[in-house]
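# Observations on chain architecture
As a plain string of letters, each chain reads:
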Amino acid sequence: MASRTCKYACDMEKSVLVSNFDKRGWAQVTSDEEWNFYWASVVSAKTIFNVETGYRLQDDQIINHFPNHYELTRKDLLVKNLKRYRKELEKEGNPLAEKDELGHYCYMDFIPVTFLLPADYNLFVEEFRKNPSSTWIMKPTGKARGIGIFLINKLSQIKKWSRDSKTSSFQASSARDSYVISRYIDNPLLIGGKKFDLRMYVLVTSYRPLKCYIYELGFCRFCTVKYSASSAELDNMFIHLTNISVQKHGDDYNKQHGGKWNIQNLKLFLQSTRGREVTSKLFDDINWLIVHSLKAVAGVMNNDKHCFECYGYDIIIDDNLKPWLIEVNASPSLSATTVNDRTMKYNLINDTINLVMPGGEHPDVKWNKTPPKGLYGHYQLLYDEELAKQDQEFSKGKVSLGSGSRREGKVKHAATWK
Ligand SMILES: Nc1ncnc2c1ncn2[C@@H]1O[C@H](COP(=O)(O)OP(=O)(O)OP(=O)(O)O)[C@@H](O)[C@H]1O
């Protein structure tokens, strides 16, 4: 029987997407027509999964977002879900929820302390007063690309978010007006004196059981101006925000390399300046925090079998080589600022399609979601809950946290890493 051509719809005219679809000989259709594969914006995905739309996806249709991905990708909801997850671990007496004598989580502390304003204003003030010299970062919950972000180190700078403020009812009027305020990581690891963050890509093909892959070709995004924690520079976003959308307006922005380094360069740099062991621990810690951020939302995620998602994780490493999760993006940018960027993003999409459609010709949501290893490309299996369970069966009772190391007791099961 002749095979039908796979039909794709795509909301973004990005060449790294379209050239991948063209290469496969797929036919483009609009999202109103019958499609098999839809690379949708989050807005279109919301419409498709809206119960009122009455859209029923068929077994040969897949789409690149989970219906309620925002449980992970909205800054306020991520924090809420993580807090709940830690409480659950604590309740079940899980050693991962252990706290130190100051009441801080020993292992589950990978997101900077965060509050929602104006809702948590009083809680924030309590925390601020414990350490009045600290710096905090204010971010509007409904915006991206660094828009509306500012740093503060005095309570008076955010008075209007207080509940007693005359403007507070106006401020709280919608989620659009609310902010998250997070402890500012004021000791970032610097390279050449400049702050940077990591963009890592993570593919989730199922939440229950959790199955996710990490892309080995992430990159670092550098600020264009040397770092300074001085109060006088608090307003200088070229020092503090690593977003390309901010940095590309800087006088020192370099169009050739776009202020980017690939992860391989970072690894080599860290191995030579800090040593192999700590570098490998850092990357284990990053993998560990990604898995736990996903576990924190797995229970509330609508695990629709037609969905997969390629997330952009933003991570800052501090000068103790501790990674901090800053944000998870549902639609990481597929624009290419350099030639290397283009190649990497083209490969990312190619490898993503290979993993979610290993048959190659048509999606089939009934497949067992175990692609052949030969199709992984630059992806590595990060966590497979089913394999981890089997593994635990074997080693029942043997998992321990060891001598204060965060490497034990995490998903370090040989079968689940490769
Ligand atoms: N707690 C923090 N400590 C230090 N720097 C931070 C912190 N939070 C954010 N930043 C810096 O600010 C930048 C913007 O923050 P974030 O990514 O949360 O906002 P955004 O505007 O939503 O960006 P995006 O377009 O990636 O969604 C980060 O890339 C990082 O450089």
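Refer to the structure printed above.
Heads up: these notes are all about the structure in this document. Remember, it's a predicted structure, so these values are computed and weren't measured experimentally.

### Some details on the overall build of the chain
Tallying secondary structure elements over the chain gives 13 helices and 16 strands in all. Burial statistics for the chain: of 418 residues in total, 50% are counted as buried. In the structure as shown, the chain presents an accessible area of about 20200 Å², 50% of it carried by carbon and sulfur atoms.

### Focus: the sheet that holds strand S8 (residues 179-183)
Spatially, S5-S8-S6-S7 is the arrangement adopted by the four strands of the open sheet, whose pairing is antiparallel. A single partner strand is all that each edge strand has here, and the edge strands are strand S5 (114-117) and strand S7 (150-152). Here the average twist between neighbouring strands, direction ignored, is 30°. Examined bridge by bridge, S5 and S8 share four bridges and lie antiparallel to one another. Bridge pairing in S8 places Phe115 opposite Ile181.

### Considerations on the site of the ligand
Close contacts around the ligand come from 23 residues, with Lys75, Arg145, Gly146, Thr242 and Glu327 the closest. The contact in question runs from a nitrogen atom of the ligand to an N or O atom on the backbone of Ile185, over 2.8 Å. The contact in question runs from an oxygen atom of the ligand to an N or O atom on the side chain of Asn243, over 3.0 Å. Coverage of the ligand by the protein amounts to 96% of the 610 Å² it exposes when considered alone. At the level of elements, strand S6 (136-140), strand S10 (194-207), strand S14 (309-317) and strand S15 (323-329) are the ones that each hand at least two residues to the shell around the ligand. For the shell around the ligand, the residue count by class is nine nonpolar, five polar and nine charged.

### Some details on helix H1 (residues 15-23)
Among the residues of H1, Val16, Leu17, Val18, Asn20 and Phe21 are the ones counted as buried. Packing partners of the buried residues in H1 comprise strand S1 (7-10), strand S3 (37-39) and helix H11 (339-356). Following H1 by one or two positions, Gly25 has its phi on the positive side, about 75°.

### Considerations on the sheet that holds S3
Pairing is parallel across the open sheet formed by four strands, whose spatial order is S2-S1-S3-S4. Of all strands in the sheet, those with a lone pairing partner are strand S2 (27-28) and strand S4 (62-63), marking the two edges. The strands that H1 touches are S1 and S3; relative to S1, the one it contacts most, it runs at about 175°.

### Some thoughts on the packing of aromatic side chains
Taken as a whole and assessed by the stated rule, the structure comprises 23 aromatic pairs. Between the aromatic rings of Tyr8 and Phe21, the centroid separation amounts to 4.3 Å while the plane-to-plane angle is 35°, which identifies the pairing as tilted. Placement of Tyr8 in strand S1 and of Phe21 in helix H1 is noted, with a sequence separation of 13 residues between them. An aromatic cluster of three or more residues is present, and its members are Tyr8, Phe21, Trp26, Phe37, Trp39 and Phe308. Lys83 extends its terminal NZ or CZ atom over the ring of Phe115, reaching a point 5.5 Å from the ring centre. Its end group placed over the ring of Tyr105, Lys99 keeps NZ or CZ at 4.9 Å from the ring centre.

### Points about helix H5 (residues 121-130)
All of the buried residues along H5 are Tyr121, Phe124, Val125, Glu127 and Phe128. The arc that holds every buried residue of H5, seen down its axis, measures 165°, which confines them to one face. For H5, exposure combined with an orientation more than 90 degrees from the buried face picks out Glu126, Arg129 and Lys130. Those residues of H5 hidden inside the fold are in contact with S5, S6, S7 and S8.

### Structural notes on the packing of H1 against H11
Viewed as axis vectors pointing N to C, H1 and H11 meet at an angle of 50°, and their least axial separation amounts to 9 Å. The pairing of H1 with H11 is recorded here as oblique in orientation. In the packing of H1 onto H11, the handedness of the crossing is right-handed. Along its contact with H1, which presents Ser15, Val16, Leu17, Ser19, Asn20, Phe21 and Lys23, the element H11 presents Arg342, Lys345, Tyr346, Ile349, Asn350 and Ile353. Its residues assigned to classes, the contact of H1 with H11 shows six nonpolar, four polar and three charged.

### Things to note about the nonpolar core
Counting 62 residues, the largest nonpolar core has Leu72, Leu198, Tyr207, Leu294 and Tyr313 as its most contacted members. Beyond its immediate stretch of four places on either side in the chain, Tyr207 contacts Phe66, Leu72, Leu294, Val297, Ala298, Met301, Asn303, Tyr311 and Glu385.

### Digging into the packing of helix H9 (residues 263-274) against helix H10 (residues 276-298)
Packing of H9 against H10 leaves a shortest axis separation of 7 Å and a crossing angle of 140°. Classed by the angle they form, the pair H9 and H10 counts as oblique. Facing H9, whose interface residues are Ile263, Leu266, Lys267, Leu270, Gln271 and Arg274, H10 presents Arg276, Val278, Thr279, Leu282 and Phe283. Considered class by class, the residues forming the contact of H9 with H10 number six nonpolar, two polar and three charged.

Cut-offs used in this document
Residues numbered from 1 in each chain as written. Predicted model: local features only at pLDDT ≥ 70, side-chain atom pairs only at ≥ 80, totals over all residues. Heavy atoms only, no water. Helix = DSSP H or I, 4+ residues; strand = E, 2+ residues; numbered from the N terminus. Buried < 20%, exposed > 50% of the residue type's maximum accessible area, 1.4 Å probe, protein only. Areas by Shrake-Rupley, 256 points an atom, 1.4 Å probe, with all protein chains shown as cover. Pairing = 2+ DSSP bridges. Axes fitted to C-alpha atoms, helices over the stretch in contact; angles between N-to-C directions. Near = heavy atom within 4 Å. Polar contact = N/O pair within 3.5 Å; in protein donor to acceptor, adjacent residues only side chain to side chain. Nonpolar A, V, L, I, M, F, W, Y, C, P; charged D, E, K, R; others polar. Contact = heavy atoms within 4.5 Å. Phe/Tyr/Trp six-rings, centres within 6.5 Å; stacked < 30°, edge-to-face > 60°. Lys NZ or Arg CZ within 6 Å of the ring centre and 35° of its normal. Arc of directions from axis to C-beta. Parallel < 35°, antiparallel > 145°, perpendicular 65-115°, else oblique. Left-handed = near helix turned anticlockwise from the far one by under 90°. Core = buried A, V, L, I, M, F, W, Y, C linked by side-chain atoms within 4.5 Å.

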